[in-house]
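Report on the structure
What follows is each chain in one-letter form.
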Amino acid sequence: MALGTIFRAFGLAFGQIGDPRFTRVLLMGVGLALALLIGASAGLIWFVDWLTGDSTSVPLVGEISWLDDVFSWGATLLLLILSVFLMVPVASAITSMFLDDVADAVEAVHYPDIPQSPRTPFWEAMRDTVNFLGVIVGVNILALALYLIFAPVALLIFWAVNGFLLGREYYTLAAMRRVGRKRAKELRRKHALTIWAAGTLMAIPLSVPLLNLMVPILGAATFTHLFQMLPRGRPARSSFPDRPQ
């Protein structure tokens with residue numbers, strides 16, 4: 001497992017945040033993630049308000065007008081807690097949508113000698129986004145039982161499960177741009193442990209509010225580097241001149 005390569009890839013991705021082209025995509029990703037989470041919050045609060053109404057009648061007590069406020073605040077608190085889990089599918093969707101932009105920015109700076117890759121057709125990218133979302137949501141629903149049974153280590157299970165899923169997605173999308181879907185799957189199997197470890201590195205900050213907003217774009221950039229650095233790729237020549245091209 002190439003841990004050194006993972007950290008070098010992440011370091012290069014993080015170091016490019018100041019690049020105007022990279023920053024634009026980063027801000028778009030953060031804005032979309034915030035919009036999705038705020039939209040989910042507003043939708044949940046509206047549903048609770050609609051369900052409870054302006055007042056609720058309680059036997060032996062009468063009408064209570066403040067109960068809907070309690071439910072609304074409770075729903076908001078619940079969503080803040082669930083946002084840790086919601087950011088995983090949000091990260092998946094954002095990465096699928098912006099991977100081409102992130103990869104182009106990374107390659108323009110660190111790999112200027114490789115030919116530009118054609119952009120993924122919109123409907124193909126949308127299909128991949130929906131497929132990955134379905135897998136991530138489905139697996140996390142099934143994993144809820146593990147989170148409850150092994151509550152003391154639930155966070156570690158969360159990182160491991162979603163690290164595997166996100167690494168699988170990030171690497172596949174990055175590799176498909178260069179070698180096609182079939183070859184991307186072959187390379188993914190070849191570097192499975194490294195990809196899992198890199199995905200876990202992305203999953204850990206997803207459980208930290210605010211910091212998790214940056215993860216989708218940094219993840220896409222990291223795996224663009226990782227594809228180039230692992231066998232059948234090439235290192236960023238600006239940072240690794242001693243390695244063969």
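The structure presented is a predicted model; accordingly, all values stated were derived computationally and were not measured.

Calculation rules
Residues numbered from 1 in each chain as written. Predicted model: local features only at pLDDT ≥ 70, side-chain atom pairs only at ≥ 80, totals over all residues. Heavy atoms only, no water. Helix = DSSP H or I, 4+ residues; strand = E, 2+ residues; numbered from the N terminus. Buried < 20%, exposed > 50% of the residue type's maximum accessible area, 1.4 Å probe, protein only. Areas by Shrake-Rupley, 256 points an atom, 1.4 Å probe, with all protein chains shown as cover. Contact = heavy atoms within 4.5 Å. pLDDT = per-residue confidence, 0-100. Salt bridge = Lys/Arg side-chain N within 4 Å of Asp/Glu carboxyl O. Core = buried A, V, L, I, M, F, W, Y, C linked by side-chain atoms within 4.5 Å. 1 Å grid on protein atoms, 1.4 Å probe; cavity = no way out; pocket = protein on both sides within 12 Å on 5 of 7 lines; lining within 4 Å. Points joined across faces, edges and corners; volume = space filled by probe spheres on them. Nonpolar A, V, L, I, M, F, W, Y, C, P; charged D, E, K, R; others polar. Phe/Tyr/Trp six-rings, centres within 6.5 Å; stacked < 30°, edge-to-face > 60°.

Our next topic: the overall build of the protein. In terms of helices and strands, the protein carries 7 helices and 2 strands. Listing every helix and strand of the protein by position from the N terminus yields α-α-β-β-α-α-α-α-α. When burial is assessed residue by residue, the protein has 44% of its 245 residues classed as buried. For the protein, the computed accessible surface area is about 12,800 Å², with 72% contributed by carbon and sulfur atoms.

Residue position: His191 is located in the loop between helix H5 (154–190) and helix H6 (192–206). By relative accessible area, His191 is classed as buried at 8%. Leaving out residues up to four positions away in the same chain, His191 has contacts with Tyr171, Leu230 and Pro231.

Before going further, it helps to spend a moment on the confidence of the model for the protein. Here the protein shows a mean pLDDT of 77. Residues at 70 or above account for 73%. Contacts from residues 239–245, a stretch scored under 50 in pLDDT, to residues over four places away or in other chains number 13 contacts.

Glancing now at the pattern of salt bridges. Per the counting criterion, the structure on display carries 5 salt bridges. A salt bridge links Asp104 to Arg177, with the nearest nitrogen and oxygen atoms 2.9 Å apart. One end of the pair, Asp104, is in helix H3 (residues 67–110); the other, Arg177, is in helix H5, with 73 residues separating them in the sequence. Taking relative accessible area as the criterion, Arg177 reaches 9% and is therefore assigned buried. Three or more residues joined by partner-sharing salt bridges are found here, namely Asp100, Asp104, Glu107, Arg177 and Arg178.

This part is about the environment of Leu165. Tracing the sequence through the fold places Leu165 in helix H5. For Leu165, a relative accessible area of 7% gives the class buried. Put simply, Leu165 and Asn140 are 25 residues apart on the chain and 9.9 Å apart in space, counted from C-alpha to C-alpha. Discounting residues that sit within four places of it in the chain, Leu165 has contacts with Val135, Ile136, Val139 and Asn140.

All right, on to the nonpolar core then. Phe22, Val102, Tyr147, Tyr171, Ile217, Phe223 and Leu226 are the most contacted members of the largest nonpolar core, which has 55 residues in total. Elements that contribute at least two residues to this core include exactly helix H1 (3–15), helix H2 (20–52), H3, helix H4 (122–149), H5, H6 and helix H7 (215–229). Per-element accounting of this core gives the leading share, 15 residues, to H5. When near neighbours in sequence (up to four residues on either side) are disregarded, Phe223 contacts Gly167, Tyr170, Tyr171, Ala174, Ile195, Ala198, Gly199 and Met202.

The tally for this structure, following the rule as stated, stands at 2 cavities of 30 Å³ or more. The space that makes up the largest cavity amounts to roughly 80 Å³. Listed by contribution, the elements that provide at least two residues to the lining of the largest cavity are H3, H4 and H5. A class-by-class count of the residues in the lining of the largest cavity yields 4 nonpolar, 3 polar and 3 charged. By volume, the second largest cavity amounts to about 30 Å³. Forming the walls of the second largest cavity are Phe132, Val135, Ile136, Leu165, Arg168 and Glu169. Those elements giving two or more residues to the lining of the second largest cavity turn out to be H4 and H5. Among the residues making up the lining of the second largest cavity, the classes are represented as 4 nonpolar, no polar and 2 charged.

Take the side chain of Asp104 next. Looking at Asp104, the relative accessible area reads 8%, which means it is buried. If we skip the residues at most four places from it in the chain, Asp104 touches Arg21, Gln116, Arg119 and Arg177.

Let us now look at the packing of aromatic side chains. In this structure the tally under the stated criterion is 5 aromatic pairs. Between the aromatic rings of Phe10 and Phe14, the centroid separation amounts to 6.2 Å while the plane-to-plane angle is 25°, which identifies the pairing as stacked. Taken as a pair, Phe10 and Phe14 lie in helix H1 at a separation of 4 residues, close to a single helical turn. The exposure class of Phe10 is partly exposed, given its relative accessible area of 26%. Summarising the aromatic geometry, the rings of Phe164 and Trp196 are spaced 5.5 Å apart at their centres and angled 75° between planes, so their arrangement reads as edge-to-face. Pair noted here: Phe164 is in helix H5 and Trp196 is in helix H6, with a separation of 32 residues, a long-range link. Accessibility expressed as a relative area gives 40% for Phe164, which makes it partly exposed. Using a relative accessible area of 37% as the deciding quantity, one classes Trp196 as partly exposed.

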